[in-house]
Structure formats: C-alpha cells, structure tokens
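One-letter residues, chain by chain:
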Amino acid sequence: HRAALGVNVVTVTNATGVPSGVGVSGVTPGGAAAAAGITAGDIITAVNGTAIPDAATLSVVLAGLKPGDQAAVSLTRPDGATATVSVTLGQLNGT
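Cut-offs and rules
- Residues numbered from 1 in each chain as written.
- Predicted model: local features only at pLDDT ≥ 70, side-chain atom pairs only at ≥ 80, totals over all residues.
- Heavy atoms only, no water.
- Helix = DSSP H or I, 4+ residues; strand = E, 2+ residues; numbered from the N terminus.
- Buried < 20%, exposed > 50% of the residue type's maximum accessible area, 1.4 Å probe, protein only.
- Contact = heavy atoms within 4.5 Å.
- 1 Å grid on protein atoms, 1.4 Å probe; cavity = no way out; pocket = protein on both sides within 12 Å on 5 of 7 lines; lining within 4 Å.
- Points joined across faces, edges and corners; volume = space filled by probe spheres on them.
- Nonpolar A, V, L, I, M, F, W, Y, C, P; charged D, E, K, R; others polar.
- Pairing = 2+ DSSP bridges.
- Salt bridge = Lys/Arg side-chain N within 4 Å of Asp/Glu carboxyl O.
- Core = buried A, V, L, I, M, F, W, Y, C linked by side-chain atoms within 4.5 Å.
- Polar contact = N/O pair within 3.5 Å; in protein donor to acceptor, adjacent residues only side chain to side chain.
- Arc of directions from axis to C-beta.

Q: Any chance you could explain the side chain of Asp42 here in plain terms?
A: Positionally, Asp42 belongs in the loop between α1 (32-36) and β4 (43-47). Among the residues examined, Asp42 registers a relative accessible area of 0% and is labelled buried. Excluding residues within four positions of it along the chain, Asp42 makes contact with Val22, Gly23, Val24, Gly37, Leu75, Thr76, Arg77 and Pro78.

The structure is reproduced here in structure tokens:
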C-alpha cells in the first residue's frame, strides 16, 4: 500500500527556471489534502521538513510513508502567505 496526498501536481519554477516547489493543480474531493485544507493554487515546498523542489521528489518522499501516517506539509498560498498543515495520508488507488 502506498501513501497518497490526494493532489494533482506540477513542478513550479522560479524566475531563473530552477524548480522551487510543487504546484497543486487539483485536489481529490474527500481526499487527504482536501481534508487538511490544501487547495488548487497552493505550492507544496516541504513534507516533514524535507524540501520538495519538484514532483519527483514529492513522489519519493510519499513512497517512504504509509497510509494513515501524519505528514507536515509546508505550503505557499496563492497570496504569498506560508502555512504548514498536518495531513493524514490516504491510500493510493490500485495499491
């Protein structure tokens, strides 16, 4: 069983083209991220203190966690505010 955050993501780059986080392009209704208040437009910058510069890193970090685990997800909101939310991870479909 693999842990799932319940988001669709794209890697976000800064002005110089360097990956700087993972943009949330969609949230699974009723999923882990939705329950924690993560919304489309948020940028995930860290999970449990590990920097998340790109979508591949997010996948690796989630692969090391289990469904039901608590994860601290650091975000930058669309208005530039930062937040850290606690997410109870769900299970990736098909695992």
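Q: Help me understand the layout of surface pockets, please; the structure alone is not making it clear to me.
A: It is a probe the size of a water molecule, rolled over the atoms, that shows where empty space is left. Taken as a whole, the largest pocket encloses approximately 350 Å³ of empty space. Lining the largest pocket are 18 residues; nearest its centre among them are Ala4, Leu5, Gly6, Val7 and Leu92. For the lining of the largest pocket, the secondary structure elements donating two or more residues are β1 (3-4), β2 (7-13), α2 (55-63) and β8 (90-91). The leading source of residues in the lining of the largest pocket is α2, at 4 residues. Here the lining of the largest pocket is composed, by residue class, of 10 nonpolar, 7 polar and 1 charged.

Q: Honestly, the pairing of strand β7 (residues 82-88) in this entry has me stumped. Any pointers?
A: Where strand β6 (residues 70-76) lies against β7, 7 bridges are found, and the strand directions are antiparallel. What sits directly across from Ala71, in β7, is Val87.

Q: Looking at this model, I keep getting lost on the pattern of salt bridges. Mind explaining?
A: As a working rule, side chains carrying opposite charge can pair if their charged atoms are close by. If you walk through the whole model with that rule in mind, you get 2 salt bridges. When the shortest N-O distance is used, the salt bridge between Asp69 and Lys66 registers 3.9 Å.

Q: Can you walk me through the environment of Ala63 in this structure?
A: Here Ala63 lies in helix α2. Sequence separation of Ala63 and Thr11 is 52 residues, and the distance between their C-alpha atoms is 18 Å.

Q: Explain the nonpolar core to me, please; I cannot follow it from the model alone.
A: Buried together is how nonpolar side chains tend to be arranged in soluble globular proteins. One finds Leu5, Ile38, Ile44, Val47, Val73, Val87 and Leu89 to be the most contacted residues of the largest nonpolar core, which totals 21 residues. Contributions of two or more residues to this core are made by β3 (19-27), α1, β4, α2, β6 and β7.

Q: What is the right way to look at the side chain of Ser74 in this model?
A: As for its position among the elements, Ser74 is in strand β6. One polar contact links Ser74 to Thr84, side chain to side chain, over a distance of 3.3 Å.

Q: Just checking my understanding: could you explain α2 for this structure?
A: One turn of the α-helix equals 3.6 residues, which is why residues spaced by three or four share an orientation. Taken together, the buried positions of α2 are Leu58, Val61 and Leu62. Down the axis of α2, the buried side of the element spans an arc of 95°, and every buried residue falls inside it. What points out from α2, more than 90 degrees from its buried face, is the exposed set Ala56 and Val60.

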